[in-house]
Amino acid sequence: MNSDGSAPGCIFCAIISGEIPSDRVYADDQVVAFRDIDPQAPSHVLVAPRRHVASIDELKDDQELLGRVMAAAVTVAQTENLAETGYRLATNHGRDGAQSVAHLHIHVLGGRALSGRLG
Ligand code: 5GP
Ligand code: ZN
């Protein structure tokens, strides 16, 4: 871990620092949100803490940051005008959860009728 809370080699830390460009839709002192590079729905935004946290599994003891990340996800959904038609918040942990980037992110998905199947 670097002294600024980022992790060497982490692609989302590089996006959050601005080293790698992204289409940013929200930022505050603790949370950043940017559009997914491979969107699965008309609106597909990733909401991540600035501090490197590997997944939701590491955050249960930091309920303040957990709350900030989830509240930012709802703010993004509302800003994307998804509240009336509906949206999904999802986060993956580990191999069986199909997590591919080991920096916590909440997927905000909406803009079309999503499948009810989650697995
Ligand atoms: P996961 O599978 O870990 O839940 O989700 C990782 C997400 O990050 C995927 O939906 C993938 O498309 C997205 N992603 C991977 N690399 C990049 C990138 O460099 N930029 C952006 N904006 N999204 C990325
Ligand atoms: Zn990271």
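See the structure shown above.
Residues numbered from 1 in each chain as written. Chains lettered and ligands numbered in written order. Predicted model: local features only at pLDDT ≥ 70, side-chain atom pairs only at ≥ 80, totals over all residues. Heavy atoms only, no water.

Trainee: Which residues make up the coordination of the zinc ion (ligand 2), and what are the values?
Mentor: Summarising the metal site, the zinc ion (ligand 2) is bound by the protein donors Cys10 (SG), Cys13 (SG), His52 (ND1) and His103 (ND1), whose distances to it range over 2.1 to 2.3 Å. Coordination geometry of the zinc ion (ligand 2): the four donor atoms subtend angles of 104 to 115° at the metal centre, consistent with an arrangement described as tetrahedral. Expressed as a motif, the donor residue spacing for the zinc ion (ligand 2) is C-x2-C-x38-H-x50-H. Highlighted residues: Cys13 in helix 1 (residues 11–17) and His52 in the loop between strand 3 (43–49) and helix 2 (63–79), separated in sequence by 39 residues. For His52, a relative accessible area of 14% corresponds to the buried category. (Donors = N, O, S within 2.8 Å, 3.2 Å for Na, K, Ca; no water. Tetrahedral: all angles 85-135°; square planar, octahedral: opposite > 155°, others 65-115°. Helix = DSSP H or I, 4+ residues; strand = E, 2+ residues; numbered from the N terminus. Buried < 20%, exposed > 50% of the residue type's maximum accessible area, 1.4 Å probe, protein only.)

Trainee: Kindly report on the pattern of salt bridges, identifying the contributing residues and their values.
Mentor: Using the criterion set out here, one finds six salt bridges in the structure. If you follow the salt bridges from partner to partner, you end up with Asp23, Arg35 and Glu80 in one network. (Salt bridge = Lys/Arg side-chain N within 4 Å of Asp/Glu carboxyl O.)

Trainee: Break down the pairing of strand 5 (residues 106–110) for me, with residues and values.
Mentor: Summarising burial for strand 5: five of the five residues are buried, a large majority. In strand 5, alternate side chains face the same way, and those of Ile106, Val108 and Gly110 on one face and His107 and Leu109 on the other are all buried. Sheet topology note: the strand 3/strand 5 ladder contains five bridges and is antiparallel. Looking at strand 5, one finds that Val47 is bridged to Ile106. In the sheet, strand 4 (residues 87–90) pairs with strand 5 via four bridges, with the strands oriented antiparallel. (Pairing = 2+ DSSP bridges.)

Trainee: Just give me the short version of the nonpolar core, but keep the residues and values in it.
Mentor: By size, the foremost hydrophobic cluster in this structure holds 16 residues, and its most contacted members are Val45, Val47, Val69, Val76, Ile106 and Val108. Elements that contribute at least two residues to this core include exactly strand 2 (31–35), strand 3, helix 2 and strand 5. In terms of residue count, helix 2 provides more of this core than any other element does, six residues in total. The contact partners of Val76, leaving out residues within four places of it in the chain, are Val25, Tyr26, Ala33, Val45, Val47 and Val108. (Core = buried A, V, L, I, M, F, W, Y, C linked by side-chain atoms within 4.5 Å. Contact = heavy atoms within 4.5 Å.)

Trainee: Before we move on, could you go through the site of ligand 1 and cite the residues and values that matter?
Mentor: Taken together, 16 residues lie around ligand 1, and Arg35, Asp36, Asn92, Ser100 and His107 are the ones closest in. A distance of 2.7 Å is found between an oxygen atom of ligand 1 and a backbone nitrogen or oxygen belonging to Ser100. Relative to its unbound accessible surface of 520 Å², ligand 1 loses 83% to contact with the protein. Placement of ligand 1 is best described as lying within the largest pocket. Elements that contribute at least two residues to the shell around ligand 1 include exactly helix 1 and strand 2. Looking at the shell around ligand 1 residue by residue, the classes come out as eight nonpolar, five polar and three charged. (Near = heavy atom within 4 Å. Polar contact = N/O pair within 3.5 Å; in protein donor to acceptor, adjacent residues only side chain to side chain. Areas by Shrake-Rupley, 256 points an atom, 1.4 Å probe, with all protein chains shown as cover. 1 Å grid on protein atoms, 1.4 Å probe; cavity = no way out; pocket = protein on both sides within 12 Å on 5 of 7 lines; lining within 4 Å. Sits in = over half its atoms within 2 Å of the grid points. Nonpolar A, V, L, I, M, F, W, Y, C, P; charged D, E, K, R; others polar.)

Trainee: Hey, could you go over the layout of surface pockets for me, with residue numbers and the actual values?
Mentor: Sizing a probe to match a water molecule and rolling it over the atoms shows the empty space that remains. Roughly 720 Å³ of internal volume is contained in the largest pocket. The set of elements that each furnish at least two residues to the lining of the largest pocket consists of helix 1, strand 2, strand 3, strand 4 and strand 5. Per-element accounting of the lining of the largest pocket gives the leading share, three residues, to helix 1. Looking at the lining of the largest pocket, its residues break down into 14 nonpolar, nine polar and six charged. (Points joined across faces, edges and corners; volume = space filled by probe spheres on them.)

Nothing here speaks to function; it is geometry throughout.
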